[in-house]
Amino acid sequence: MSGELILVIDDSREIVKHLTEYLLPTLGHKAIAAYDGREGLELIRQEKPDLVMLDLNLPEMTGLDVLQALTQDSIETPVILMTGYGSEKSAIEAFRLGIKDYLVKPFTIDEVSDTIERALLESRLRHDKQQLLEKLGRAEGEMRRQIREMRSLFALGKSLTSLLSIEKVLDHALQGAMDLTGAERSTIWLPDNGERILQAYTKAAWDEENVVSEVHVEESRVGEVYRNGQIVRRAEFSSRGIDIQADRPARAILYMPLTVRGEVMGVFGVSNHDAPRAFSERDELLLSALSDYVAIAIDNARTYQATDQALAARMEEVKTLLGITRTITSSLDLDEVARLTIKEVHSSWNIEASSIWLVDENQKLLRLLVNVGTDPDLLSRFRLEFGQGIVGRVVETGRPLYSNDVPNNPYHYREIDEQTGFKTRSILCVPLIFREKVIGALQLLNKQDGFFDAEDVERASSIGTAVAIAVTNAQLFEEAASRQQLLAATLEYNGNPVIITDNDGRLLLLNQRAREELSLTEEAVGRPANEMLEGSPLMSMLQHPPREGRGLQRREVELHDGQFWLATIAPIPDYGHILVLQDITYLKELDTAKSNFVATVSHDLRAPLNSIIGFASALEQMGPLTEKQEEFVSRITDSAQRMTNLVTALLDLARVDSRLEQVRQSCDLEDIIRNVLTDLQGQAMTKDVALNLSVEDEPQPVLGDPTQLRQAVSNLVDNAIKYSAAGQEVKVNVSMQEDNVLVRVCDDGKGIPAQDIPHIFEKFYRGQDKASKGGTGLGLTLVRSIAEAHGGWVWVESDQNKGSTFTLQLPAGDNSNSVPEIEGADGSRA
Ligand code: ADP
């Protein structure tokens, strides 16, 4: 750049002249001059030169004074100082005051030229930068405007394409077009069904909301855009304007096609009527971008509407089907199910006949359940095998089948048509499937209004599913109902009294015998058992029934005087309990008779046995016996002694069982135990077994026979010593548990094998090992009889090789009325 204005301030007219008239113009600059500092300053302020060439030595104000003044006024005009040789010092001062450069007089043209170029470079650059910045500012403004436009276009497009109603799309698009292009009116033309007429949707700056009018595809300017797909942009400011077949002519129009997937679907246009404003290329760009969105949005909305309608139709169908299904499955009566199904089938289809066939599992064939439209008497005679006819085929394969040309269908079973006189033309048959099992088939015959198709199959299959459920339910219900009747009859007339209670302890069932024996009526059903059976010995069984998985419990109970029953109670899972009574009065009587007989025989055997023992021992005193004779005598004595023991034990048992001679007095069990331990001390010492007694809770007295109780404890302790090894200990413990006295006899011996436990209380049962050999197998039987005779119970817990604990439980105080419990089914007691 050149042509800058340079001010020369120098008092030397010669230098001024040289510079301003010759040198500076030659270098392409304009020049002005001042001859002293004050004048120079004045010119700087007025003319605003691009550069000042300032002499250091000036009259009135020195060059430095001028520089000072410039600094004070913040004038940044670049200055070149001109000095004489030897004034470098002042030059340094001048640099501090902001000069750009200096020239030492006299100077050459090149020196002047270089120095001026250097000094101007900065201001030139600043000037260029300023210009650039201005340009940039303008470009940025333009860009911002474009971004704004794009943003609003994008937002408009986004909101348009998310709209699902065509009306809304049109409304937004028309408004958007006016906003973007500043048009006075905007219109969208969409073809009517026939494509001959274009429907116009318009919005205008004046009050003309959503005017709908029509134009003909062939005749109008819009129609041309629609047919050719070309954009039309025109302006006509003459008085006539452009005729656009509307209420008023336009001064400018911009029409473009709406295109989706390469096909023109309508026309989008804007127009100005009052303002003489043409549409620019930019407007065209914006409208075409918007029209892309609009086309997509209209297309989306149309698709949505179509889907929505299809969905609504499908929903309606599903609703009908649901209604049918509900009706069918609402009944538990097979005939009712059949009737409802047929009714629904005939109201859903225009058909001539229908039928339902069911699988007969036992005979492996199909029989008719119901039919409509064909002769029921004739049809029901048919039994179809699997695979026979179309129905048989459907049942065999489990897949639906339909045919609209039945006479030519290979599976068609002609005989039915021949016999019934019905002409089957078309058929739709679906299997009835429940839990993957085909239970029958539903058949629709002769569709009157067209052919059966895949949609019919789908609908019939859905109904088929419901029918299968309903039929199965009805069949199960019938089966359950008849089973229940059978069960109720069996129970009601069962010879034994039966009682069923629920989990809440209410009586649910009392059969005839139970009502008789317990003197109750039907009204007791549903009432709490403890109210109805108050005071009955059955009550304690019902109050403490066995838990699920713990087997059953049995007890002997005496309901009326001298009438004995074996009561068995068992849990009914998730329901309650069942209690069955068996009359054992006769057995009881037999048992007593037997006990009496055994007692008599045992008693009568004792005298001869005693004399055998007596005479055998007398033999030794009759003179010396040979070794052989001595051995025989000893064998006779041993055998007779064993027999005596057995007879004594049998007699004891018979006595206890017969309950004759039974004493009832208050007994202190602790005393009894102490006596037993003293008696057996010697035996224990011989075996090197320690005997220990511990007493808890101050045991209450027991009402009973002291001799029998002593016998029972003695048998338990005797066994414990017998089955312990040397150095071991037998612990006896007596304590209270609720209203019972518990006597525990505990040893560390070899224990009892699990398989023996259920039997050890039985008569004559003995273990397999040597130690058991010498016994009678009656000891524990006697303990149990004594416990029962006292209304108590005895049980054992034993671990092999760890020892056994026998527990004798006796009711404390006066409890003579309580009934003995007898063994659980597994022979033990938990
Ligand atoms: P026995 O006269 O044989 O002892 P019991 O009726 O007293 O007859 O006992 C029956 C069986 O029970 C015995 O043969 C023995 O096998 C077993 N038995 C009894 N008590 C114990 C015990 N404390 N330890 C181990 N086994 C025992």
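Of all the positions in helix α7 (residues 221–228), only Val222, Gly223, Val225 and Tyr226 are classed as buried. Considered in projection along α7, the buried side chains sweep an arc of 160° and stay on one side of the axis. Directly after α7, the chain includes Gly229, whose backbone phi takes a positive value near 75°.

The next point concerns helix α1 (residues 13–26). Over its 14 residues, α1 runs 19 Å from end to end, which matches the ideal 20 Å to within 8%, given 1.5 Å per residue. The sharpest bend along α1 reaches about 40° and sits at Leu19. Considered for burial, the residues of α1 that qualify are Ile15, Val16, Leu19, Thr20, Leu23 and Leu24. Looking at the residues trailing α1, positive phi occurs at Gly28, about 90°.

Turning our attention to the sheet that holds strand β26 (residues 729–737). In spatial order, the strands read β24-β26-β27-β29-β28; together these 5 strands make up an open sheet with mixed pairing. With partners counted over all chains shown, the strands left at the sheet margins are β24 (690–695) and β28 (793–799), one partner each. Averaged over neighbouring strand pairs, the angle between their axes works out to 15° when direction is ignored. Note: strand β27 (residues 740–747) against strand β29 (residues 803–811), 7 bridges, orientation antiparallel. When the sheet's bridge partners are listed, Asn740 is paired in β29 with Pro811. The sheet contacts of helix α19 (residues 669–686) involve β24, β26, β27 and β29, and relative to β24 the element is tilted by about 170°. Running over the sheet, helix α22 (residues 779–789) touches β28 and β29 and is turned about 140° from β28.

Looking now at the environment of Leu378. Relative to the elements of secondary structure, Leu378 occurs in helix α10 (residues 376–379). Residues Leu378 and Ile416, 38 residues apart in the sequence, show an inter-C-alpha distance of 8.8 Å. Discounting residues that sit within four places of it in the chain, Leu378 has contacts with Gln419 and Thr420.

By size, the foremost hydrophobic cluster in this structure holds 45 residues, and its most contacted members are Val717, Val730, Val732, Phe806 and Leu808. Elements represented by at least two residues in this core include exactly α18 (627–658), α19, α20 (706–722), β26, β27, α22, β28 and β29. When near neighbours in sequence (up to four residues on either side) are disregarded, Leu808 contacts Ala712, Val713, Leu716, Val741, Leu742, Val743, Val783, Ala787, Trp793 and Val794. Among the nonpolar cores identified, the runner-up in size contains 31 residues, and Val270, Phe279, Val294 and Ala297 belong to it.

This part is about the pairing of strand β22 (residues 576–583). Where strand β18 (residues 498–502) lies against β22, 5 bridges are found, and the strand directions are antiparallel. Across the sheet, Ile500 pairs through a bridge with Ile578, a residue of β22. Bridge count for strand β21 (residues 563–572) against β22 is 8 bridges, and the pairing is antiparallel. Residue pairing for β22: Ala570 is matched across the bridge by Ile578. Connecting β21 to the antiparallel partner β22 that follows it, the hairpin turn spans 3 residues, and Asp574 within it adopts a positive phi of roughly 60°.

Our focus in this paragraph is the sheet that holds strand β14 (residues 383–385). Strands belonging to one sheet form pairs held by backbone hydrogen bonds; the direction of such a pair is parallel or antiparallel. Spatially, 6 strands are ordered β14-β13-β12-β17-β16-β15 in an open sheet, and the strand pairing comes out antiparallel. A single partner strand is all that each edge strand has here, and the edge strands are β14 and β15 (401–403). Across the sheet, the mean angle from the axis of one strand to that of its neighbour is 25°, orientation sign disregarded. Contacts from helix α13 (residues 454–492) reach β12 (351–360), β15, β16 (427–434) and β17 (437–447) within the one sheet, and its direction differs from that of β16 by about 40°.

Next up on the list: the packing of helix α6 (residues 166–181) against helix α8 (residues 281–329). For any two helices packed against each other, one specifies the crossing angle of their axes together with the interaxial distance. Look at α6 against α8: their axes get within 10 Å of each other, and the N-to-C directions meet at 175°. In terms of axis orientation, α6 runs roughly antiparallel to α8. Contact residues: Ile166, Val169, Leu170, Ala173, Gly176, Ala177, Leu180 and Thr181 in α6; Asp283, Leu286, Leu287, Leu290, Val294, Ala297, Ile298, Ala301, Arg302 and Gln305 in α8. The class makeup of the residues in the contact of α6 with α8 is 13 nonpolar, 3 polar and 2 charged.

For side chains of opposite charge, pairing can occur when their charged atoms come near one another. One pass over the full model with this rule turns up 41 salt bridges. Among the salt bridges present, the one from Glu21 reaches Lys17, with a minimum N-O distance of 3.6 Å. With Glu21 and Lys17 both in helix α1 and 4 residues apart, the pair spans about one turn of that helix. Taken together, the salt bridges that share partners define one network made up of Glu142, Arg145, Glu149 and Arg282.

This paragraph deals with the packing of aromatic side chains. As enumerated under the stated definition, the model contains 4 aromatic pairs in all. Ring centres of Trp189 and Tyr255 lie 5.2 Å apart, and the angle between their planes is 65°; this geometry places the pair in the edge-to-face category. Residue Trp189 is located in strand β6 (residues 185–191), and its partner Tyr255 is located in strand β10 (residues 252–260); the two are separated by 66 residues in the primary sequence. For the residue pair Trp189 and Tyr255, the accessibility class agrees, reading buried in each case. Centroid distance Phe382 to Tyr413: 6.4 Å. Interplanar angle 80°. Geometry classified as edge-to-face. Placement of Phe382 in the loop between α10 and β14 and of Tyr413 in the loop between β15 and α12 (414–420) is noted, with a sequence separation of 31 residues between them. For Phe382, a relative accessible area of 10% corresponds to the buried category. Since its relative accessible area comes to 21%, Tyr413 is described here as partly exposed. One Lys or Arg, Arg13, reaches over the ring of Tyr35 and ends 4.0 Å from the middle of that ring.

Let's shift gears to the side chain of His790. Tracing the chain through its elements places His790 in the loop between α22 and β28. Given a relative accessible area of 4%, His790 falls into the buried group. At 2.9 Å, the side chain of His790 and the backbone nitrogen of Asp705 are in polar contact.

Below, the discussion takes up the environment of Ala33. Its location among the elements puts Ala33 in strand β2 (residues 30–34). Along the primary structure Ala33 and Leu43 are separated by 10 residues, whereas in three dimensions their C-alpha atoms are 8.5 Å apart. Sequence-distant contacts of Ala33, that is, excluding residues within four places in its chain, are made with Leu7, Val8, Val16, Thr20, Glu39 and Leu43.

Conventions and cut-offs
Residues numbered from 1 in each chain as written. Predicted model: local features only at pLDDT ≥ 70, side-chain atom pairs only at ≥ 80, totals over all residues. Heavy atoms only, no water. Buried < 20%, exposed > 50% of the residue type's maximum accessible area, 1.4 Å probe, protein only. Helix = DSSP H or I, 4+ residues; strand = E, 2+ residues; numbered from the N terminus. Arc of directions from axis to C-beta. Expected span 1.5 Å × (residues − 1). Bend = angle between axes of the 7 residues up to and from the residue. Pairing = 2+ DSSP bridges. Axes fitted to C-alpha atoms, helices over the stretch in contact; angles between N-to-C directions. Contact = heavy atoms within 4.5 Å. Core = buried A, V, L, I, M, F, W, Y, C linked by side-chain atoms within 4.5 Å. Parallel < 35°, antiparallel > 145°, perpendicular 65-115°, else oblique. Nonpolar A, V, L, I, M, F, W, Y, C, P; charged D, E, K, R; others polar. Salt bridge = Lys/Arg side-chain N within 4 Å of Asp/Glu carboxyl O. Phe/Tyr/Trp six-rings, centres within 6.5 Å; stacked < 30°, edge-to-face > 60°. Lys NZ or Arg CZ within 6 Å of the ring centre and 35° of its normal. Polar contact = N/O pair within 3.5 Å; in protein donor to acceptor, adjacent residues only side chain to side chain.

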